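Architecture at a glance
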Amino acid sequence: MMSLGAIITGAIIKMYTYRYRKNHLSLSRSVKFKNKKYAPPKGFSFEVKDFGGTKFEILSPSAPNERYAVVHFHGGGNTQSMNSMYRKVAERLAKLSGAAVYSVDYKTGDDLVYPSVHDECYYAYVNLISTALNDKKIIMVGDSFGANVLLSICLRLRNASIQLPNAIVSISCCIDLAATGSSYEKNCHRDPLYSLPKSQNFKEHEKDIRRIIKYIGNTSPYDMFLSPAYAEYDAFPPMLIQCGEAETSESDNDILYEKALKSGVNVKMTKYYGMWHDFQYLTPFLKESKQAWREIGDFIHSFIK
């Protein structure tokens, strides 16, 4: 059952996004998040450093757990850069873990195509772990497109025999860029962010809801480094997967869970009934979001002892 707050909030989101959904516009391209000058909360330090030509925003408690670090990959596709919402997420991760959080501020732009973002993040991460974090255990956290990039990085690390992180948190992952999953039809009128208006039926608008993003360029959407749904996850670390049950891309998360299980990964997936894409990030005040953040905290603390 959804909480009353979630039911009301979901209805408000649906009203707000109606014109975007009706015209099949990309929210990540159309909606601009606030990006005002950042001041860290009391008891935390904040700095920006360059690793491998990429900026990382580093948020750290005054007395961090030096044995661990969290590396955070934000979503928003190739069009949303670090912003106020993702900095609030970094704050939550720093408070939950007691460790420094390194948020990747990768380059964004409408003109970017694969493998630009994936390559940038891979080489930046390799530089980061070989310099600043070479003696630390690492928990990687990513949402949506950021989870895609995170998993792609881990596949490349494994294939290059480079140390994988110690744990992964995947939130509302978008890892099947061919958009083949059954949830695109199942949730075609439910998802408050990406669904079709009720006046538009699935058969006539299937190509609009199974949107193929421009970032793919000339690469096959079935390439496993672009679409980790088509990869195998042998030798991967423990993984927590969270998603909303009403997401159009719910099935991307199912695929990741099933592939991880098949590969023998210690994996847990939690779906939150009726909830939408990135609900933990977008609406952290809801009962369901607080529960999801507690679960993330418990998962992290199972490694940070």
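Quick look at the structure, then.

**Examining the sheet that holds strand β5 (residues 137-143)**
- Here 8 strands make up an open sheet; going across it, the order is β1-β2-β4-β3-β5-β6-β7-β8 and the pairing mixed. Of all strands in the sheet, those bounded by a partner on one side alone are β1 (44-51) and β8 (267-272). Between one strand axis and the next, the sheet turns by 15° as a mean value, whatever way the strands run.
- Sheet topology note: the β1/strand β2 (residues 54-61) ladder contains 8 bridges and is antiparallel. Bridge pairing in β2 links Val48 to Glu57.
- Contacting β1, β2, β3 (68-73), β4 (100-105) and β5, helix α3 (residues 84-97) runs over the sheet at an angle of about 160° to β3.
- Sheet strands in contact with helix α8 (residues 250-262) are β6 (167-171), β7 (239-244) and β8, and its direction is about 160° off that of β8.

**What to know about empty space enclosed by the protein**
- Applying the stated criterion to the full structure yields 1 cavity of 30 Å³ or more.
- Its volume calculated, the largest cavity comes out at about 40 Å³.
- Around the largest cavity, the lining residues are Tyr38, Phe46, Glu57, Ile58, Leu59, Met82, Arg87, Ala90 and Ser103.
- For the lining of the largest cavity, the elements supplying multiple residues, two or more each, are β2 and α3.
- Broken down by element, the lining of the largest cavity gets its largest block of residues, 3 residues, from β2.
- By residue class, the composition of the lining of the largest cavity is 6 nonpolar, 1 polar and 2 charged.

Thresholds, definitions, all that
- Residues numbered from 1 in each chain as written.
- Predicted model: local features only at pLDDT ≥ 70, side-chain atom pairs only at ≥ 80, totals over all residues.
- Heavy atoms only, no water.
- Pairing = 2+ DSSP bridges.
- Helix = DSSP H or I, 4+ residues; strand = E, 2+ residues; numbered from the N terminus.
- Axes fitted to C-alpha atoms, helices over the stretch in contact; angles between N-to-C directions.
- Contact = heavy atoms within 4.5 Å.
- 1 Å grid on protein atoms, 1.4 Å probe; cavity = no way out; pocket = protein on both sides within 12 Å on 5 of 7 lines; lining within 4 Å.
- Points joined across faces, edges and corners; volume = space filled by probe spheres on them.
- Nonpolar A, V, L, I, M, F, W, Y, C, P; charged D, E, K, R; others polar.

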